[in-house]
Every structure is written in C-alpha cells, then in structure tokens.
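Secondary and tertiary structure notes
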Amino acid sequence: MPRRLPLFASLALTFLAPLGATAQQADRAADTSSAPAEQPRPSEVVREIELTATRVQRTLDETRRAGRTQHASCVDEQLSQITATLRLALERTQRSQRYERERNVEMAERERALVARLLPRARELEREARRCVDPDADLESGRTRVTTIIDANVPRDAVREPRRREGAVHE
C-alpha cells in the first residue's frame, strides 16, 4: 500500500494544481484562526472515516441487491470520495508521525489539524450517499414524516376533524 499513496498524492496534485494559490491562502487563514482546544487524534479520525466507508459500502451493497442501478451509481461515487478522503487522512497521519519523530512540533500539529478537518467531510459524504437512496432524507434535523392514508371506503361522517384548541398552532 505504501506505493499507492504517492500515486494518489500525484493524482490529487494534478487535479488541485489550478487551485494552488487559493488552497495555500486557505491553509494560512486556517492556521491563524483559533482552533478548538481539543482535536481528535489522527488515529481516531482515520477509524471514524473507515467506519463511515463501511456503512456506505453496506448501503451500496443493499442498493445493488435491490437492483436500483442509478441509485447505486450515485452511492458508489460518494464511496469513492470517502475512500479518497480516507487515503488522504492516512497520508497526513503518516506525515504527522514523521514530523513528531523529527521533533517538528509545528508541522506535526498542522498535519493533525488537517486530518481533523477531513472527518466532517467524510460525514457529509455519508449523508449525500444516503440522499442518493432516499432524496427526502432529512438526516440533520432528526424529524420524522408521518403520512396518514384514509381508506376510500370509510364513510365521510366517520372521519372527524380534531377539535382545535384556542392558541394552538395548526398547519
């Protein structure tokens, strides 16, 4: 696997080269901003991203078994991005460890901070993968949608409107 990381890095640089100056400016701005006091360890971030990839892989497998090829293609795309994020997290973790061995505290901390920023991206990709299968999924709010269907054979007088209380909010 060590041979794949440089290949991935060169591919990433190929795609990100046009963004060079912008990415460097963003990194500098991020370095000067106040970071949270407690950041997760890179190994914890890598583990979380691995778990995210596993969950999305299960979703992809279920979608394929159901024969929903268009949805499976969308989930597969998200899984590919999560896998790329995982590779980047592994590479940055290795760099962080190398800098720690070299006693370069500043660069080690920078790499740890960059690894920590990958976790929210992986979680967002997981939400996008779920939306591929269920576009109505409102994963952030935790709300549940309830649909009531009344059989057409029920007499109209058997269905009564609930009494409205004064001051109550009705939609």
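Everything below is about the structure shown above.
Residues numbered from 1 in each chain as written. Predicted model: local features only at pLDDT ≥ 70, side-chain atom pairs only at ≥ 80, totals over all residues. Heavy atoms only, no water.

**As for the overall build of the protein**
- A tally of helices and strands in the protein yields 6 helices and 0 strands.
- Along its sequence from the N terminus, the protein presents helices and strands in the succession α-α-α-α-α-α.
- In the protein, which comprises 171 residues, the share counted as buried stands at 23%.
- Taking as baseline every contact in the protein between residues at least 6 positions apart, the subset at least 24 positions apart corresponds to 68%. (Helix = DSSP H or I, 4+ residues; strand = E, 2+ residues; numbered from the N terminus. Buried < 20%, exposed > 50% of the residue type's maximum accessible area, 1.4 Å probe, protein only. Contact = heavy atoms within 4.5 Å.)

**Description of the environment of A84**
- By secondary structure assignment, the location of A84 is in helix α4 (residues 69-101).
- The partly exposed category is assigned to A84, whose relative accessible area is 24%.
- Considered as a pair, A84 and A122 are 38 residues apart in the sequence and their alpha carbons are 9.7 Å apart.

**A few points about the nonpolar core**
- In terms of nonpolar packing, the biggest core is built from 19 residues, with I49, V56, V75 and I82 touching the most fellow members.
- For this core, the secondary structure elements donating two or more residues are α3 (42-65), α4 and α6 (118-133).
- Excluding residues within four positions of it along the chain, I82 makes contact with I49, T52, A53, V56, A122, L125 and E126. (Core = buried A, V, L, I, M, F, W, Y, C linked by side-chain atoms within 4.5 Å.)

**A few points about α6**
- Taking 1.5 Å of rise per residue, the 16 residues of α6 would be expected to cover 22 Å, and the 23 Å separating its terminal C-alpha atoms lies within 8% of that figure.
- For α6, the complete set of buried residues consists of L118, L119, A122, L125, E126, A129 and C132. End-on view of α6: buried residues confined to an arc of 125°, all on one side of the axis.
- In this structure, the buried residues of α6 make contact with α3, α4 and α5 (105-116). (Expected span 1.5 Å × (residues − 1). Arc of directions from axis to C-beta.)

**Regarding the pattern of salt bridges**
- Applying the stated criterion across every chain, the model contains 14 salt bridges.
- E126 is the partner of R55 in a salt bridge, and the nearest nitrogen-oxygen pair spans 2.7 Å. Of this pair, R55 sits in helix α3 while E126 is found in helix α6, placing the two residues 71 residues apart along the sequence.
- The exposure class assigned to R55 is partly exposed, which follows from its relative accessible area of 32%.
- Salt-bridge contacts for E124 lead to R131; the nearest nitrogen and oxygen are separated by 3.8 Å.
- The exposure class assigned to E124 is partly exposed, which follows from its relative accessible area of 23%.
- In this structure R131 comes out as partly exposed when scored by relative accessible area, which is 32%. (Salt bridge = Lys/Arg side-chain N within 4 Å of Asp/Glu carboxyl O.)

**Overview of unusual backbone geometry**
- In this structure, R103 takes a positive phi of about 60° despite not being glycine.
- Locating R103 in the fold gives a position in the loop between α4 and α5.
- On the accessibility criterion, R103 (75% relative accessible area) is exposed.

**So, the side chain of T63**
- Tracing the backbone through its elements, the reader meets T63 in helix α3.
- A relative accessible area of 4% places T63 in the buried class.
- From its side chain, T63 meets the backbone oxygen of T59 in a polar contact 2.7 Å long. (Polar contact = N/O pair within 3.5 Å; in protein donor to acceptor, adjacent residues only side chain to side chain.)

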